[in-house]
Amino acid sequence: MLVVGDTARIYYPRTKGLVLATNQPLDLAQVRSAEWNNQFVPAANAVVPATATEAWWRYNIVSEAHSATHWVLSTSTEYMDGLDVYVVQANGQVEHRRMSSTLPHEQTHILRTRHFNLGLNLPPGQVVTVYIKAPAGQMVFPSLSEQAHLLQQYREGDWAMGPYFGILLALAAYNLLLYFSIRDKSYLLYVLYVGFFAALQFDMTGYWRQVWPSNWSGFALDMRQNIVLACTIFFGTLTARAFLDSWRLLPRFDRALKLTLLVAWLPLLGPFFTNPNEALWWQALPALWTCVVLLTAGVLVLRTGYRPAKYYMAGWTLLLVAVANYYLGLLGVTPRTGFWAAHGVHVASALEMLLLSFGFADRINLTKRDKEAAQEAALQALQEKEAAQNQALTALRETQHAQEVALVVSREKEELQERTNHELAERAAELQRAYQELHESIRTSHHLQELDELKTKFFTNISHELRTPLTLIISPLEQLLSEAQQQPDQPAPPEYVLMLRNARRLLQLINQLLDIARLEAGQMHLAAAPVDMVRTVRTSVSSFESLAVSHAVALRFETELDNLEVYLDADQFDKILYNLLGNAFKFTPAGGEVIVSLGQQAGRAVLRVQDTGVGIPAEHVPLIFDRFHQVDDTQTRRHEGSGIGLALVKELVTLHHGSIRVSSALGEGTTFVVELPLGNAHLQPNEIRPAMAASATNAGFAVSLPDFIDQPDTALTVAPSDARPLVLVVEDNPEVRDYIRTCLATEFRVRTANDGEQGLALLKDLEPDLIVSDLMMPVLDGLELCRRIREDEHTSHIPVILLTARAGDEARLTSFGLGADEYLTKPFHPEELRVRIHNLVQQRRLLRQRFGREVTLQPRDISITSADETFLNRAMAVVEQHMADTEFSVERFADEMAMSRVQLHRKLKALTDQPTSEFVRTVRLRRAAVLLQGHAGNVAEVAEAVGFANLSYFSKCFRELYRQSPSEYATQAIATN
């Protein structure tokens, strides 16, 4: 019996049903008869005989869900030409549905998904029997789930597969461009292999039938899939042969690869076998054979020392293991369920495609190095020929001298001269051939240079595509701010400044990426001009003074020089200074100091940027100039960054023929030293330009922006009589924190904290109605803050909204698991944030009224459903324990609760809307009402029993609560009974 009720779960009833295997065809009436009905056995332990021709599965299902729940029965099977499903209701009504690929899609699918599915009517509490008939050798995997949940699962699967197919298509397109660029057939074979592999996955995952439904027979569908499989194996083998150069490195084993090209077409015989298991072997055996042969080829080539084989072995090993696991699962050798069984081929194939692309790139680099080595050898041979020619000329002079000295041996000298001339002619011919070889090598080098230029052009185009929309954002904002500066009576909205500042930051990051790409390709050239370095550095340092004031960091510039002429590219040098100073301020806390000094030593200008910040760990110092390296990459890191600034500084200093080094001590600070040569002797003629041209290129205009100053929280006080809800905003980014505060200030009282630790400290003095917190913060992140709030009885009642730029389901589920009430992703809509805050505050107000009513109904009459209700039960138990104690005070009550008087007052006020004394009095009066109704004594005795020493005060309080005196209440209770 399968009981279903959870609409957020998928039920797999395969092992919970019964199975009947038979060697003769049966219909539903025969299967339900007593003769066959008793032959059903549990599916978990069933063994289908080899002689069986068909199998029946039976499942008894009972629904505990609402009658309006739409259940869907889905089946996952490789059998394409027939699957019969019979649904028998409790009243005996039978519904028959046939699932076949030859039928119209709408008859076999209630949802447009990859697997067969049909709607299943499950009346609550009634037993519905489902029979499934299929050939005995066919594996059927039924599942049962609620319709909306199943559709959500398929959509999530589609979102996961979309990037996968996108990666395959992007790799195919990229390598196709490379093929047209360098005309290497290896890339064309690789593109065909990737294309057929993507088509195979598109078919085997069911997307082909989902996107293009057809009424093809099972034979036609199997033939289509096997043709695509054969093409995948065929072009995959050709790609491996071309990539590994097996015809050259493994001439004998290359015969096995040629045999694999014939084996690749064996899957075309599979559709001609009616037995599914036999047909499956014609798919699995060629694939497994190919796995073994290609893996062996990679191992053999790797042993020869061929470097690109490492990428081949890594990628193909992953893919071949995943493919082998998949087909072994189809043959029943390995499990067919689980993540790796379902998505192992997808993950491995994406990694294999990427690794093969890296391997192809390595082949290009290897070829380039070989050509360079050949050029060097040719030049060395040319030098040797020239030396030999000089020796021959010397010998000729000696011969001539010998002729002048001794005429007797003139004939011998003439013969020697003839032999020498002949050798010179031969050597000249050899030099000519060497020159031709050198010329051919240069042509090949130019071709590789064109390929590098193509890659650089690609990065440039991408950067330009990003810079164009940024230009259309920055330019209108600058125009609006410029117009606002000309109208002092109408100041520009602060949002304009915030938008323009962050747009410029994004543009700067894009420019840095473009500069690195140009430097790597060797397309950024130095344009140096004589510049007064003292004046330039002093001007740049002064531009950071406002930033230093806002960060409470002392900034000093020190030099003993009046002027220092250095040949600099002013634009590139500004980038060096900006990144070094920006880094110094980023990692120097308030109260620290940044010192910029400039001097001259040994014919070089020496620039030092020193700070008293956090310092760099010793193990990270050698890596600090590596691209994308970050010292702290944790979720609670204090400082943001991309890891490209210092890498760009290193490249730009090298472009100036200078050097840069760093020294740092953890907790003491860091010093960067830049040394640049003086004069222009180290520069090439094309690296020098006149000073007038240099100054002209730096001319420009941009709207100036005021530096952002983080407004202290103490400056945002509100009137004590302000009854608006109090919201605590916890955000480490000062601009985002100020923006959220501005969005909420019109409707709420707002207090702010820089991180989770400061937020917890403020909670000791504040009583906020709601907390808005960022997820990723230094010291204490939003998840840990939420957990501590929920674990503390003093704050567990406060609603929490988490804001984050991480949109993954894992972070969302973790947040809700730790007690977060809402989860919003950045960028968020301000109105949505305000509405959600209002809703949570209103819900907390209604909950407080509910707790107040429950407390006044009856002590010990509250169900424990949360930490707050547990706290209330404990509070009422303490009051009941001291019910008759007239000396029981608020101080003793706080001591019993292990809380201060103020904390107890805040907690009870937040949960019941009653102060502590009123809460105790209400519980006592309700107990008095119960005693009066039960005739437990007269009014004086009841007052004493509930802790009232003054009878008149008891009567006054009782009348305020029940609108009648205690005696009237008791008399009314007697009359009612």
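As annotated in an unreviewed UniProt entry, the protein chain carries the name histidine kinase and comes from Solirubrum puertoriconensis. Heading Catalytic activity (unreviewed entry) of the UniProt record for the protein chain holds this comment: "ATP + protein L-histidine = ADP + protein N-phospho-L-histidine."

A. Layout of helix H17 (residues 570-586). Taking 1.5 Å as the rise per residue, H17 with 17 residues should run 24 Å; its terminal C-alpha atoms sit 24 Å apart, in good agreement. Within H17 the residues assigned to the buried category are Ala 570, Gln 572, Phe 573, Ile 576, Leu 577, Asn 579, Leu 580, Leu 581, Asn 583, Ala 584 and Phe 585.

B. View of the nonpolar core. Met 533, Val 537, Phe 573, Leu 580, Leu 607 and Ile 660 are the most contacted members of the largest nonpolar core, which has 43 residues in total. Elements that contribute at least two residues to this core include exactly helix H15 (533-542), strand S13 (565-568), H17, strand S14 (593-601), strand S15 (604-611), helix H18 (645-655), strand S16 (659-665) and strand S17 (669-677). No other element matches the seven residues that H17 contributes to this core. Discounting chain neighbours no more than four positions away, the residues touching Leu 607 are Met 533, Val 537, Phe 573, Leu 577, Val 596, Ser 597, Leu 598, Phe 672, Val 673 and Val 674.

C. Representation of a negative patch on the surface within the structure. A cluster of acidic residues, Glu 412, Glu 414, Glu 415 and Glu 418, forms a negative patch on the protein surface. Within the secondary structure, Glu 418 sits in helix H13 (residues 410-485). By relative accessible area, Glu 418 is classed as exposed at 58%.

D. Highlighting the sheet that holds S16. Spatially, S12-S14-S15-S17-S16 is the arrangement adopted by the five strands of the open sheet, whose pairing is mixed. Both edges of this open sheet fall to strand S12 (554-559) and S16, since each of them pairs with a single strand only. For this sheet, the mean angle separating the axes of adjacent strands, direction not counted, is 15 degrees. Sheet topology note: the S15/S17 ladder contains eight bridges and is antiparallel. Counterpart to Ala 605 in the pairing with S17 is Leu 676. Along the sheet, H17 contacts S12, S14, S15, S16 and S17; its crossing angle with S15, the most-contacted strand, is approximately 25 degrees. Most of the contacts of H18 go to S16, to which it runs at about 140 degrees, and overall it touches S16 and S17.

E. Highlighting a nonpolar patch on the surface. The grouping of Ile 167, Leu 318, Val 347, Leu 351, Leu 354 and Phe 358 at the surface amounts to a nonpolar patch, some 460 Å² of accessible area in total. Looking at the nonpolar patch, the element that brings in the most residues is helix H12 (residues 339-405), giving four residues. Its place among the elements puts Phe 358 in helix H12.

F. Layout of the side chain of Asp 774. Its location among the elements puts Asp 774 in strand S20 (residues 770-774). Here Asp 774 falls in the buried class, since its relative accessible area comes to 6%. Each residue touching Asp 774, except ones within four places of it in the same chain, is listed here: Val 730, Glu 731, Asp 732, Gly 782, Leu 802, Leu 803, Thr 804 and Lys 826.

G. Broad picture of empty space enclosed by the protein. All told, the structure shown has one cavity of 30 Å³ or more when counted by the stated rule. Around the largest cavity, the lining residues are Ala 378, Leu 379, Leu 382, Leu 431, Ala 434, Tyr 435 and Leu 438. Residue assignment for the lining of the largest cavity shows that the elements contributing at least two residues are H12 and H13. The element that contributes the greatest number of residues to the lining of the largest cavity is H13, accounting for four residues.

H. Quick peek at the UniProt feature "transmembrane region" (unreviewed entry) in the protein chain. UniProt feature "transmembrane region" (unreviewed entry): in the numbering of this structure it lies at residues 159-180, 187-207, 227-244, 256-274, 280-302 and 309-328. Annotated as 100% helix and 0% strand, the span residues 227-244 places its first and last C-alpha atoms 26 Å apart. The distance separating the terminal C-alpha atoms of residues 280-302 is 33 Å; by composition the span is 100% helix and 0% strand.

I. Representation of the environment of Gly 166 in the model. Along the chain, Gly 166 turns up in helix H4 (residues 147-182). Judged by its relative accessible area of 35%, Gly 166 is partly exposed. Along the sequence, Gly 166 and Ala 198 sit 32 residues apart, while their C-alpha atoms lie 9.7 Å from each other.

J. Quick peek at the pairing of strand S2 (residues 18-22). Sheet analysis places S2 next to strand S3 (residues 41-42), joined by two bridges and oriented antiparallel. Opposite Leu 18, over in S3, you have Pro 42 as the bridge partner. Relative to strand S4 (residues 54-63), S2 runs antiparallel, the two sharing five bridges. In the sheet register, Leu 20 faces S4, and the bridge partner there is Trp 56.

K. Looking closely at the sheet that holds strand S22 (residues 822-825). Here we have five strands laid out as an open sheet, ordered S19-S18-S20-S21-S22, and parallel in their pairing. Across the chains shown, the open sheet's two edge strands, defined by having one partner strand only, are strand S19 (749-753) and S22. On average, adjacent strands in this sheet sit at an angle of 20 degrees to one another, irrespective of strand direction. The pairing of strand S21 (residues 800-804) with S22 spans four bridges and is classified as parallel.

Conventions adopted
Residues numbered from 1 in each chain as written. Predicted model: local features only at pLDDT ≥ 70, side-chain atom pairs only at ≥ 80, totals over all residues. Heavy atoms only, no water. UniProt positions renumbered as here; feature names shortened; annotations may be inferred. Helix = DSSP H or I, 4+ residues; strand = E, 2+ residues; numbered from the N terminus. Expected span 1.5 Å × (residues − 1). Buried < 20%, exposed > 50% of the residue type's maximum accessible area, 1.4 Å probe, protein only. Core = buried A, V, L, I, M, F, W, Y, C linked by side-chain atoms within 4.5 Å. Contact = heavy atoms within 4.5 Å. Patch = residues over 30% accessible without salt bridge, like charges linked within 9 Å, V, L, I, M, F, W, Y side chains within 5 Å. Areas by Shrake-Rupley, 256 points an atom, 1.4 Å probe, with all protein chains shown as cover. Salt bridge = Lys/Arg side-chain N within 4 Å of Asp/Glu carboxyl O. Lys, Arg positive; Asp, Glu negative; His and termini not counted. Charge placed at Lys NZ, Arg CZ, Asp CG, Glu CD. Pairing = 2+ DSSP bridges. Axes fitted to C-alpha atoms, helices over the stretch in contact; angles between N-to-C directions. 1 Å grid on protein atoms, 1.4 Å probe; cavity = no way out; pocket = protein on both sides within 12 Å on 5 of 7 lines; lining within 4 Å. Points joined across faces, edges and corners; volume = space filled by probe spheres on them.

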